[in-house]
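# Observations on the model geometry
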Amino acid sequence: MKTLKQVKIGKSAKVVKVHGEGALKRRIMDMGITKGVEISVRKVAPLGDPLEITVRGYELSLRKEDAEMIEVE
C-alpha cells in the first residue's frame, strides 16, 4: 500500500481509498480528497510537515498523519 506521504515532490497520484474514521475522514473528504481524484505534491516543508498538494485545481496543506491515511496508486 502506497500512501500520499510517499509521493515525491512534483509527482501525481490517484486516490484509491481514504482510511480512518469519523470526523477526521469526513474532514479529508470535505477538502475534495475522494476516491479517484488526482493529487499532485507541490512542496514539503523543511522538517517534512506539512505537505502542500494540489487537488481539484486548488492548493491545500496536509499534515503527515493525514497524508498517511490516503492510499494512492
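Residues numbered from 1 in each chain as written. Predicted model: local features only at pLDDT ≥ 70, side-chain atom pairs only at ≥ 80, totals over all residues. Heavy atoms only, no water.

Among soluble globular proteins, nonpolar side chains are generally buried collectively. In this structure, Leu4, Ile33, Ile39, Ile53 and Ile70 are the most contacted members of the largest nonpolar core, which totals 20 residues. Counting residues per element, the ones that place at least two in this core are strand E2 (12–18), strand E3 (38–44), strand E4 (51–55), strand E5 (58–62) and strand E6 (70–72). Among all residues touching isoleucine 39, those that are not within four sequence positions of it are Leu4, Lys11, Ser12, Ala13, Val15, Ile33, Ile53, Thr54 and Val55. (Core = buried A, V, L, I, M, F, W, Y, C linked by side-chain atoms within 4.5 Å. Buried < 20%, exposed > 50% of the residue type's maximum accessible area, 1.4 Å probe, protein only. Helix = DSSP H or I, 4+ residues; strand = E, 2+ residues; numbered from the N terminus. Contact = heavy atoms within 4.5 Å.)

Sheet topology places E2 next to E3; three bridges connect them, and they run antiparallel. When the bridges of E3 are listed, alanine 13 appears paired with isoleucine 39. Bridging between E2 and E6 involves three bridges; their strand directions are antiparallel. When the sheet's bridge partners are listed, lysine 17 is paired in E6 with glutamate 71. (Pairing = 2+ DSSP bridges.)

Here the focus is the sheet that holds E3. Strand order in the open sheet formed by six strands is E1-E6-E2-E3-E4-E5, and the pairing between neighbours is antiparallel. One side of each edge strand has no neighbouring strand; the edge strands of this open sheet are strand E1 (2–3) and E5. Bridge analysis of E3 against E4 gives five bridges, and the strand direction is antiparallel. Looking at E4, one finds that lysine 43 is bridged to glutamate 52.

On to the pairing of E5. Here E4 pairs with E5 via five bridges, running antiparallel. Its bridge partner being in E5, glutamate 52 is matched across the sheet by serine 61. Between E4 and E5, which pair antiparallel one after the other, the connecting turn spans two residues, and arginine 56 there sits at a positive phi close to 55°.

Another aspect to go through is the pattern of salt bridges. Counted according to the given criterion, the structure contains eight salt bridges. Close ionic contact of glutamate 52 with arginine 42 constitutes a salt bridge, the shortest N to O distance being 3.5 Å. With a gap of 10 residues between them, glutamate 52 in strand E4 and arginine 42 in strand E3 connect regions that are remote in the sequence. The salt bridge involving arginine 63 is made with aspartate 66; its shortest N-O contact spans 3.3 Å. Judged by relative accessible area, arginine 63 falls into the partly exposed class, the value being 41%. Owing to a relative accessible area of 2%, aspartate 66 belongs among the buried residues under this scheme. Residues participating in the shared-partner salt-bridge network are Arg27, Arg63, Glu65 and Asp66. (Salt bridge = Lys/Arg side-chain N within 4 Å of Asp/Glu carboxyl O.)

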